[in-house]
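Examining the three-dimensional arrangement
Take a look at the letters that make up each chain.
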Amino acid sequence: MLHTSLFVIASLSAFSFTAHAENTIFSKSQNDQKQWVGRTAPAFKLQDQNGKWHELKQYQGKWLVLYFYPKDNSPGCTQEANQFKALYPNFLKSNAVILGASLDDVASHQAFSKKLDLPFPILADSKHQLANQLGIVRNLGIVKIAKRESFLIDPQGIIVYHYSSVDTQSHAAQVLADIQKLNKK
């Protein structure tokens, strides 16, 4: 009987510790997501698929959609890029610029962009500079990828939305709707 009681107490203690650890990790994750809203976007200088350099400061006065994705040519990333491509004219009408970004290099982005005929730049963050600043690098063993997250930056350079949960089929439309709503204010 005593042995059984000790086992139950040990099991409950382990469960409590695990629940606390998960709760702490979840809370930290939630705080990390919220930390960017209302803050100035981090400065960056990255090359696109054509080797052209892009910096945050050159987009002053425009809405900036900075969307990160894990990997060129993967199904979800292709779907998301195509959604932004389909709505691209509407983004332009809303005074918005789209910049895709991943940890892939310029050559990979060039092939991906050409294959999909993308009308917007894709930034090569191959040294993980911007993704690390934003806290969205994920380690998959020996490989690192950017998490699928997006940031909507207002014309003054302030992050107004951080999309930490992205549906590749509807995300572009959601971001466009948010820009249009904010433009009406």
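Below is a short write-up of the structure. (Residues numbered from 1 in each chain as written. Predicted model: local features only at pLDDT ≥ 70, side-chain atom pairs only at ≥ 80, totals over all residues. Heavy atoms only, no water.)

1. Some words on the pattern of salt bridges
Pairing between side chains becomes possible if they bear opposite charge and their charged atoms approach one another. Inclusion rule: Basic side-chain nitrogens of Lys or Arg form a salt bridge, by our definition, when they fall within 4 Å of a carboxyl oxygen of Asp or Glu. Only DSSP runs of H or I reaching four residues or more are called helices, and only runs of E reaching two or more are called strands; each is numbered from the N terminus. Type-normalised accessible area, obtained with a 1.4 Å probe on protein chains alone, sets the label of each residue: buried when under 20%, exposed when over 50%, and partly exposed for intermediate values.
Here the structure, examined in full by the defined rule, presents four salt bridges. Taking the shortest distance from any N to any O, the salt bridge between Glu-55 and Lys-57 comes out at 3.7 Å. The salt bridge partner of Lys-181 is Asp-178, with a shortest N-O separation of 3.9 Å. One end of the pair, Lys-181, and the other, Asp-178, are both in helix 5 (residues 171-183), three residues apart, so they sit about a helical turn from each other. For Lys-181, a relative accessible area of 42% puts it in the partly exposed group.

2. Thoughts on the nonpolar core
Short version of the rule: Put simply, a nonpolar core is a bunch of buried Ala, Val, Leu, Ile, Met, Phe, Trp, Tyr and Cys residues held in one set by side-chain atoms that sit within 4.5 Å of each other. Here, two residues are considered to be in contact whenever any of their heavy atoms come within 4.5 Å of each other.
Within the largest apolar cluster, 25 residues are counted, with the highest numbers of intra-cluster contacts made by Val-65, Phe-84, Phe-91, Ile-98, Leu-152 and Ile-179. The set of elements that each furnish at least two residues to this core consists of strand 3 (63-68), helix 2 (75-93), strand 4 (96-102), helix 3 (106-116) and helix 5. It is helix 2 that provides the largest number of residues to this core, a total of six residues. Sequence-distant contacts of Ile-179, defined by excluding residues within four places in its chain, comprise Trp-63, Val-65, Phe-91, Ser-94, Ala-96 and Leu-152. Formed by 22 residues, the second largest nonpolar core is a distinct cluster that contains Leu-66, Ala-101, Leu-130 and Ile-153.

3. Quick notes on helix 5
Counting along an α-helix, one turn takes 3.6 residues, and residues three or four places apart therefore face a common direction. The test is simple: Expected span of a helix: the number of residues minus one, times 1.5 Å. Note that the arc is computed from the directions linking the helix axis to the C-beta atoms.
Over its 13 residues, helix 5 extends 18 Å from the first C-alpha to the last, a length consistent with the 18 Å expected when each residue adds 1.5 Å. Along helix 5, the residues classified as buried are His-171, Ala-172, Val-175, Leu-176, Asp-178, Ile-179 and Leu-182. Seen from one end, helix 5 has its buried residues packed into an arc of 160°, which puts them on one side. Where helix 5 is buried, its residues touch strand 3, helix 2, strand 4, strand 8 (150-153) and strand 9 (159-163).

4. Brief notes about the pairing of strand 3
Definition in use: Pairing between strands is defined by DSSP: at least two bridges between the two strands are required.
Among the six residues that make up strand 3, six are buried, leaving the element largely enclosed by the rest of the structure. Burial along strand 3 is two-sided: Trp-63, Val-65 and Tyr-67 facing one way and Leu-64, Leu-66 and Phe-68 facing the other are all buried. Inspection of the sheet shows strand 3 paired to strand 4 by six bridges, in the parallel sense. Looking across to strand 4, one finds that Tyr-67 is bridged to Gly-100.

5. Observations concerning the packing of aromatic side chains
Basically, it comes down to this: We call Phe, Tyr and Trp rings a pair once their centres come within 6.5 Å, taking the six-membered ring for Trp, and we label the pair stacked below 30 degrees between planes, edge-to-face above 60, and tilted otherwise. Any Lys NZ or Arg CZ that is within 6 Å of a ring centre and within 35 degrees of that ring's normal is treated as a charge sitting over the ring.
Per the counting criterion, the structure on display carries seven aromatic pairs. Relative to Tyr-69, the ring of Tyr-67 has its centre 5.8 Å away and its plane inclined at 35°; by these criteria the two rings are tilted. Given the relative accessible area of 0%, Tyr-67 is considered buried. We classify Tyr-69 as buried; its relative accessible area is 0%. Taken together, Tyr-67, Tyr-69, Phe-84, Tyr-88, Phe-91, Phe-112 and Phe-120 form an aromatic cluster joined through their ring pairs. One residue, Lys-45, lies across the ring of Trp-53, its end atom 5.4 Å from the ring centre.

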